[in-house]
Amino acid sequence: MVSMKDIAAACGVSVATVSKAINNHSDIGEETKALIKSKAKEMGYHPNTWARALKTNKSYNLGVLYKEASGSGLTHDYFSQILENFKVTAENQGYDITFLNNSKLGNDKVSYLDHSIHRGMDGVMIAIADYQSPEVIELLQSDLPVVTIDYVYNGRISISSDNIGGMRALMEQVYACGHRKIAYIYGEESSVTSNRLSTYYRFLEEKGIAANDDYVKEGRYRDSYAAGKITEELLDLPNPPTCILYADDFSAIGGMNAIKTRGMSIPEDISIAGYDGILMASQLSPTLTTYWQNTVEIGKMAANELINLIERPKSTIIKQYTVEGKLIEGKSVAFPK
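The rules behind each value
Residues numbered from 1 in each chain as written. Predicted model: local features only at pLDDT ≥ 70, side-chain atom pairs only at ≥ 80, totals over all residues. Heavy atoms only, no water. 1 Å grid on protein atoms, 1.4 Å probe; cavity = no way out; pocket = protein on both sides within 12 Å on 5 of 7 lines; lining within 4 Å. Points joined across faces, edges and corners; volume = space filled by probe spheres on them. Helix = DSSP H or I, 4+ residues; strand = E, 2+ residues; numbered from the N terminus. Nonpolar A, V, L, I, M, F, W, Y, C, P; charged D, E, K, R; others polar. Pairing = 2+ DSSP bridges. Axes fitted to C-alpha atoms, helices over the stretch in contact; angles between N-to-C directions. Contact = heavy atoms within 4.5 Å. Polar contact = N/O pair within 3.5 Å; in protein donor to acceptor, adjacent residues only side chain to side chain. Salt bridge = Lys/Arg side-chain N within 4 Å of Asp/Glu carboxyl O. Buried < 20%, exposed > 50% of the residue type's maximum accessible area, 1.4 Å probe, protein only.

### Focus: the layout of surface pockets
- Estimated volume of the largest pocket: approximately 760 Å³.
- Forming the walls of the largest pocket are 28 residues, and the residues nearest its centre are Ile128, Ala129, Glu189, Ser190 and Tyr221.
- If you list the elements that add at least two residues to the lining of the largest pocket, you get α5 (77-92), β5 (123-128) and α9 (191-206).
- Ranked by the residues each element gives to the lining of the largest pocket, the list is headed by α9, at three residues.
- Its residues assigned to classes, the lining of the largest pocket shows twelve nonpolar, six polar and ten charged.

Rendered as C-alpha cells:
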C-alpha cells in the first residue's frame, strides 16, 4: 500500500508537506499541492480515513437535518441548491454528508441527537425542520456544533436569506409602478413568513396606505393549486387588487394560470410577482418579477461556519449571518390601468 512517505520520496518533499497538500491546507502553494496530488493519484494512494479519525478524534462526517413538510423533498429548488453547495464545500474540505432521521437504528427508535451521536457526526446543519419539535430543540440545546438555515436560535450560528430586504425590494418595485392595492398570498407559519409579512405591513404603513385584510391571504409554499384558488378569491372581490405578491415562484405560476383562465392578461389587467428567482421564472410568458435568493452563498457559508465550529471552536464567533439576494425585474409588473 502506498504511503505518504512514498509520495514524499517521489516528489522530493517532506511527509508533512504531503499531508498538508492532501488535506488542502492553505499554508502550501497551489502548484506544489497540485503536483503532490497528481503524484498521489498516479501512485494509487488512498488516505486511511479510519487512521485519520483516530488521530484527530473526528469522523469527518457532517449531519444534515432536512424535514421538509410540503412534500417537495429534495426537488425543492431553494433548499436543494443550498444542500448542493453545502455538500460541495464540505467535500472539498474532506467531509462526508449524512442525512439525519429519527426513525430507527435497528429495532430502536432514536432521536436526531441519538442518530448524530451513533454515527459519530462532528456537527449538524439544520436545513429545514419543525423548530418547535422537542427532538429538534434537544439537538439545538446539545453540545454538538450546529448551524441553522433561516432560523435564529440563541447560541447558534444561523445563515438566513435577507427576507426583510427581499420583501421590501418587491414592495418598492410594485409601488414605484403605481400600485397601491397590493395583495399578498403568504406561506405557512415560520420565521421566514413572519419577517416577510411584517415587512409587507410596515411598508404600507410607511407609505400611508391603509392595509386591507381582504388582500392578505394565507396559502402554502410551493402549492400552485392553492395559490390559484386564492387568486380567484382575490379577483372576485368588489374592489380587487391591482397587484398580487406570492410566497414563491411556484405559487405565482398557479396564480398566473388562474388569471389567464379568466381571459385576463398579465400585466395589462393585473400585475404579479413571485419570490425565490428559480430558473423557470425567466422562462415564463411574461417573465416573472421576483426576488432571487443567493442559495450558493448560503450553502457555502453554512458549510464553512460549521467546519469552523468543529475545527476552531474557541475562535469561531457565534453570530447571525444574513445573505442578500437581488430583485429580478421581469415583465409581470406594469402600471395599473
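And the narrative resumes.
### Some remarks on the sheet that holds strand β8 (residues 182-186)
- Spatial ordering of the open sheet is given by β9-β8-β10-β11, a layout of four strands whose pairing is parallel. Either end of the sheet is taken by a strand with one partner, and the two such strands are β9 (216-218) and β11 (271-273). Shown here is a sheet whose adjacent strand axes are inclined to one another by a mean of 15°, direction ignored.
- Of the pairings in the sheet, the one linking β8 to β9 comprises three bridges and is parallel in character. Bridge pairing in β9 places Ile185 opposite Lys217.
- Of the strands in this sheet, β8, β10 (243-246) and β11 are in contact with helix α8 (residues 163-176), which crosses β10 at around 165°.
- Lying over the sheet, helix α10 (residues 224-235) contacts β8, β9 and β10, oriented at roughly 155° with respect to β8.

### Focus: the side chain of Ser142
- Among the secondary structure elements, Ser142 is positioned in the loop between α7 (134-140) and β6 (146-149).
- There is a polar contact of 2.7 Å between the side chain of Ser142 and the backbone oxygen of Leu139.
- Those residues within four positions of Ser142 in sequence are excluded, and the remaining contacts are Leu113 and Arg156.

### Here's the deal with the sheet that holds strand β2 (residues 96-99)
- The strand order across the open sheet built from six strands is β2-β1-β5-β6-β7-β13, with neighbouring strands paired in parallel fashion. Edge positions in the sheet fall to β2 and β13 (320-323), since each has one partner strand and no second. Neighbouring strand axes in the sheet, compared pairwise and without regard to direction, differ in orientation by 20° on average.
- Here strand β1 (residues 61-66) pairs with β2 via four bridges, running parallel. Bridging across to β2, Gly63 finds its partner in Thr98.
- The strands touched by helix α12 (residues 295-311) are β1, β5, β6, β7 (157-161) and β13; relative to β6, the strand with the most contacts, the crossing angle is about 165°.

### Things to note about the pattern of salt bridges
- Within this structure, the stated rule accounts for eleven salt bridges.
- Note that Lys33 and Glu30 form a salt bridge whose closest N and O atoms lie 3.5 Å from each other. Of the two residues, Lys33 and Glu30 are both situated in helix α3 (residues 30-42); the distance of three residues between them amounts to about one turn of the helix.
- Looking at Lys33, the relative accessible area reads 7%, which means it is buried.
- Across the pair Asp236 and Arg262 runs a salt bridge whose closest N-O atoms are separated by 2.8 Å.

### A look at the pairing of β13
- Because side chains alternate across β13, one face comprises the buried residues Tyr321 and Val323, and the other comprises Gln320 and Thr322, none of which is buried.
- Pairing of β7 with β13, which is carried by four bridges, proceeds in the parallel orientation. Counterpart to Ser161 in the pairing with β13 is Val323.

Read these as geometric descriptors, not functional statements.
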